[in-house]
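Structural overview
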Amino acid sequence: MRGLSQQVPPPFQVLKDLMAKARGARDNAYAPYSGFPVGAAVLSGDGVVFRACNVENGSYGLSVCAERNAVSMLVVSGRVNPIAIAVAGPPGVPCTPCGACRQVLAEFNPSMSVVLEDGEGGLEVISLEDLFPRPFQLGESRG
Ligand SMILES: [Zn+2]
């Protein structure tokens, strides 16, 4: 995965629209235990958006983040080509993907664009490579 050329981020308006869809998905979050609703929207290379929210469980370890749920929906559709993801935590709170989600995102595109709220009403766009520069790779880790 490493060594792929840096991806050019989609146009800012596209990423802004993606964040709006992530915020919409956040409205459906099932987060009664943490009280921390999250929505995510993944954009595929062919222009389709997959939205999801976090889904918690009374057995806490079974809770699944919005980002991983959104990637799963992309895969269920037959796609493996995400180019960007927007993540919306509680309103006004910047929310980066957790470590587990970074690993799952990197599986499909280590240089995808990650769109976050900056906490001041704007957006921040970061390459996943900058957020998560050395993902686990099965072949590499076998030595
Ligand atoms: Zn996560």
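So, a few notes on the structure that sits alongside this text. (Residues numbered from 1 in each chain as written. Predicted model: local features only at pLDDT ≥ 70, side-chain atom pairs only at ≥ 80, totals over all residues. Heavy atoms only, no water.)

Regarding the overall build of the chain
Selection rule: Helix and strand assignments follow DSSP, with helices taken as H or I runs no shorter than four residues and strands as E runs no shorter than two, numbered in order from the N terminus. Values of the radius of gyration come from C-alpha atoms, whereas the globule rule sets the reference at 2.2 Å times the count of residues to the power 0.38. Exposed residues in this analysis have more than 50% of their type's maximum accessible area, buried residues have under 20%, and partly exposed residues fall in between, with area computed by a 1.4 Å probe over protein chains only. Only the protein chains shown count as cover for residues, and all accessible areas are computed by the Shrake-Rupley method using a 1.4 Å probe. Asp and Glu count as negative and Lys and Arg as positive, but His and the ends of the chain are not part of the count. Here the site of a charge means NZ on Lys, CZ on Arg, CG on Asp, or CD on Glu.
Along its length, the chain carries 5 helices and 5 strands. Each helix and strand of the chain, ordered N terminal to C terminal, gives the series α-β-β-α-β-α-β-β-α-α. In terms of overall dimensions, the chain is globule-like: its C-alpha atoms have a radius of gyration of 15 Å, near the 15 Å expected for 143 residues. Projected onto its principal axes, the C-alpha positions of the chain cover 40 × 40 × 30 Å. Considering the chain as a whole, with its 143 residues, one finds that 41% of them fall into the buried category. Approximately 7,300 Å² of the chain is accessible, and the part contributed by carbon and sulfur atoms is 56%. Charge-centre separation for the chain: the mean point of 11 positive side chains lies 4 Å from the mean point of 13 negative side chains.

Considering the pattern of salt bridges
Note the following rule: Each salt bridge in this description consists of a side-chain nitrogen of Lys or Arg and a carboxyl oxygen of Asp or Glu lying within 4 Å of one another.
Throughout the structure, instances matching the rule amount to 2 salt bridges. D46 serves as the salt-bridge partner of R79, at 2.9 Å between the closest nitrogen and oxygen. Here R79 is found in the loop between α2 (66–76) and β3 (82–88), whereas its partner D46 is found in the loop between β1 (39–44) and β2 (49–53), with 33 residues between them in sequence. For R79, a relative accessible area of 21% translates into the label partly exposed.

Things to note about the nonpolar core
We apply this condition: Residue types Ala, Val, Leu, Ile, Met, Phe, Trp, Tyr and Cys, when buried and joined through side-chain atoms within 4.5 Å, form a set referred to as a nonpolar core. In this description, contact between two residues means that some pair of their heavy atoms is separated by no more than 4.5 Å.
Counting 21 residues, the largest nonpolar core has V42, I85, V87, L105, V114 and L128 as the members making the most contacts within it. Those elements that provide at least two residues to this core are β1, β2, α2, β3, α3 (99–108), β4 (113–117) and α4 (128–131). The element contributing the most residues to this core is α2, with 4 residues. Residues in contact with I85, not counting those within four places in the same chain, are L18, A40, A41, V42, E67, L105, M112, S113, V114 and V115. One finds L18, A22, A41 and A86 within the second-largest nonpolar core, a separate group that totals 11 residues.

Section: the coordination of the zinc ion
For clarity, the cut-off: In this description, a donor is an N, O or S atom within 2.8 Å of the metal centre, a cutoff extended to 3.2 Å for sodium, potassium and calcium. Water is not part of the atom list, which can make sites seem incomplete.
Within the protein, C65 (SG), C98 (SG) and C101 (SG) serve as the donor atoms for the zinc ion, at 2.3 Å. Of note, the donors binding the zinc ion are all from one chain and are spaced C-x32-C-x2-C. Of this pair, C65 sits in the loop between β2 and α2 while C101 is found in helix α3, placing the two residues 36 residues apart along the sequence. The exposure class assigned to C101 is buried, which follows from its relative accessible area of 1%.

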